[in-house]
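# Fold and contact review
Chain by chain, the residues run as shown.
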Amino acid sequence: MDYVAELMRGFAVLMQPDILPYLIGGYLIGTFFGAVPGLTSMLAIALLLPLTYSLDVTAALVACAGIFMAGMCSGSITATTINIPGAPSSMMTAIEGYPMQQRGEGAKALGHAALASMIGGALGAVLLMVVAPLATDAALLIRTPGKFALIAFALIVIVISQRGAISKGLVATTLGVMVATVGIDVMQPVTRFTFGTAVLMQGIDIMPLVIGAFAISELLVQAENKSARTVEAADVKAAPIRRRDFIPPWSEVREIGFFRYVKCAVIGYAVGVLPGAGGSMAAFVAYAESMRSSKHPEKYGKGSVEGIAAAEGANNAMCSGAFVPMLSFGIPGDPTTAIVLGVLVINGLQPGPQFLDSQMALIAPMFMALFVSALILVPLTLYLLGPWFVRIVSIRRDILYASIAVIALVGCYVATYSMFQMGLALLFGVLAWLLRRHGYPVACLLLGFVLGPSLEEYCRRSLSISDGSPLIFLTSPDSLFFLALTGVFYYFMVIRKPQARQHA
């Protein structure tokens, strides 16, 4: 009952006039960044990160929740109308939404996407509120060797999730772990890899890495694009949207079925719990399962509302699922929650098994923000602002990305008043740009940086307990469980999958 009371108090805090505008503003910002091709909600939260030094932590978390949910569902706007997914998680939506747009049913496709996003996001938020305390209780049972095995499992899953680029994912993750070793040793009060420079003694902060890897590198990538606008004006004029067509016909909603909405939301939530999986994998898995169980699989790829519902319901439920490992173990479920973890760290908060018990007053408004964003803001925003969305995303690239550059660098400086931090942001930006040009996943770099210190700490603590014997990882039950789980994931994601393709 105390937990439910905390959630109710969190809802009351969310509705306060000094907190609610942050949710609405964050949601509108996330909608813009999610809809514009080339921008993502991850970039929006990265740009928000320097502001968290001056913001109240509750307001910052509420804004992050609004950006995350909006960025996930708004990618369907351009995916449907002009066949350009605004976010990677909307690729499956484009497969079904754009054929409907060509038939003159674009507004109806967006309506189905919004309805599925509303149901999936709301169910995901409810599951988060129910599962998070249970996950926290389970986390208390994991001892030091098990914590090392859990983090190792997370990093391995992150790497093998990079389909077709596992070796590059391993390199990027290792590079992130290496960057995290700069500064004070995690076990002893000695410096390492500082090269005699005093400014490196405190280590490398997460903020210049996030700003550089996601904002600066995106500017460099977009600088190679020769088009003047994010979306050509001719494409926008060819995609008119009428507000009255946004509401999906009840007959089609019944055809999709409530069970399909729930099933895809649960799939998305479960995929979100896996470290590094992300919205794209959630949408793909739910889409494939929906096609498998559909009575009309022949309609998929030709404008199926079932496919839209499956993909959008899953990727929005993933948002809440990604918070479970982050809050319970300090392991981000995806790159966006890794940046949200940075918001907590900047404010002196470290997620872990006892985090919910000690900081529920701060986390409850974020839980409710995810729920309110999905249940109210998703359908309301589409209905009120939908006709203007596609016109908004067609803007000049020079104005857009010059503004992002100013916000990123000025924000990085104002947050720390350090020219060195600005220089680090530029350095990481160039490094991330080079990695992206050669196909290395930058998200792995960030997740390796976030999880690297904990991986080293628990490894060294475990070895000190066992007098240097690595057999402690094979004799501890919780460690054995996560090592076995790692083997299972490796088998199904790396070994069995190629064999299935070979026999097909």
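Refer to the structure printed above.
Report follows, based on the coordinates. (Residues numbered from 1 in each chain as written. Predicted model: local features only at pLDDT ≥ 70, side-chain atom pairs only at ≥ 80, totals over all residues. Heavy atoms only, no water.)

### Topic: the pattern of salt bridges
Stated formally: The salt bridge criterion pairs a side-chain nitrogen of Lys or Arg with a carboxyl oxygen of Asp or Glu, the two atoms within 4 Å. Counting from the N terminus, the helices are the DSSP runs of H or I reaching at least four residues and the strands are the DSSP runs of E reaching at least two. Buried, partly exposed and exposed residues are distinguished by accessible area as a fraction of the type maximum, computed with a 1.4 Å probe on protein chains only: under 20%, between the cut-offs, and over 50%, respectively.
In total, this model carries twelve salt bridges according to the counting rule given. The partner of E218 in a salt bridge is R436, and the shortest N-O contact between them spans 2.9 Å. Linking E218 in helix α9 (residues 206-223) with R436 in helix α19 (residues 419-437), this pair joins segments that are 218 residues apart in sequence. A relative accessible area of 8% places E218 in the buried class. Among the salt bridges present, the one from E306 reaches R260, with a minimum N-O distance of 3.7 Å. Taken as a pair, E306 in helix α14 (residues 305-321) and R260 in helix α12 (residues 258-273) lie far apart in primary sequence, 46 residues in all. Since its relative accessible area comes to 6%, E306 is described here as buried.

### Quick word on unusual backbone geometry
With phi around 55°, F195 is a residue other than glycine that occupies positive phi space. Checked against the element boundaries, F195 lands in the loop between β2 (191-192) and α9. On the basis of relative accessibility, which here comes to 74%, the residue F195 falls in the exposed class.

### Topic: the nonpolar core
Put simply, the rule reads: Definition used in this section: a nonpolar core is a set of buried Ala, Val, Leu, Ile, Met, Phe, Trp, Tyr and Cys residues joined via side-chain atoms within 4.5 Å. We call two residues contacting when some pair of their heavy atoms lies within 4.5 Å.
Ranked by size, the top nonpolar core spans 139 residues in total, and within it F323, F367 and L446 carry the most contacts. It is helix α17 (residues 355-392) that contributes the most residues to this core, 16 residues altogether. In this structure F323 touches F68, L128, T337, V340, M366 and L370, once residues within four positions along its chain are discounted. In terms of nonpolar packing, the next biggest core, distinct from the first, is built from 13 residues, A116, M118, V253 and A309 among them.

### Notes on the packing of helix α6 (residues 106-139) against α12
Operational definition: Simply put, an axis is a line fit to the C-alpha atoms, just over the touching stretch for a helix, and the angle between two N-to-C directions goes from 0 to 180 degrees. Note on angle classes: values under 35 degrees are labelled roughly parallel, values over 145 roughly antiparallel, values of 65 to 115 roughly perpendicular, and the remainder oblique. Crossing chirality is assigned from the near helix's rotation relative to the far helix, an anticlockwise turn below a right angle marking it left-handed and a clockwise turn marking it right-handed. Classification used: nonpolar for Ala, Val, Leu, Ile, Met, Phe, Trp, Tyr, Cys and Pro, charged for Asp, Glu, Lys and Arg, polar for all others including Gly.
Where α6 meets α12, the closest approach of the two axes is 9 Å, and the angle between their N-to-C directions is 55°. When the axes of α6 and α12 are compared, the pair comes out oblique. Between α6 and α12 the crossing geometry is right-handed. Facing α6, whose interface residues are H112, L115, A116, I119, G120, L123, G124, L127, L128 and V131, α12 presents Y261, V262, A265, V266 and Y269. Split into classes, the residues belonging to the contact of α6 with α12 amount to twelve nonpolar, three polar and no charged.

### Comments concerning the environment of T197
Checked against the element boundaries, T197 lands in the loop between β2 and α9. Separated by 67 residues in sequence, T197 and V130 place their C-alpha atoms 48 Å apart.

### Describing helix α8 (residues 166-180)
For clarity, the cut-off: Take the number of residues in a helix, subtract one, and multiply by 1.5 Å to get its expected span. Working definition: the arc comes from the directions between the helix axis and the C-beta atoms, pointing outward to the latter.
Taking 1.5 Å of rise per residue, 15 residues should cover 21 Å, and α8 covers 21 Å from first to last C-alpha, within 8% of that figure. Considered for burial, the residues of α8 that qualify are G169, A172, T173, G176, V179 and A180. Within α8, the buried residues cover an arc of 120° as seen down the axis, which keeps them to one side. Opposite the buried face of α8, at more than 90 degrees from it, the exposed residues are S167 and M178. Where α8 is buried, its residues contact α7 (144-160), α19 and α20 (442-465).

### Notes on the side chain of T93
Its place among the elements puts T93 in helix α5 (residues 91-102). When residues no more than four places from it in sequence are discounted, the contact partners of T93 are S76, T80, Y98, I308, A311 and E312.

### Examining the state of the cysteines
Rules: Disulfides are defined as pairs of cysteine sulfur atoms found within 2.5 Å of each other.
What the rule picks out here adds up to zero disulfides. For C444, which is in no disulfide, the shortest distance to another cysteine sulfur is to C319 and amounts to 19 Å.

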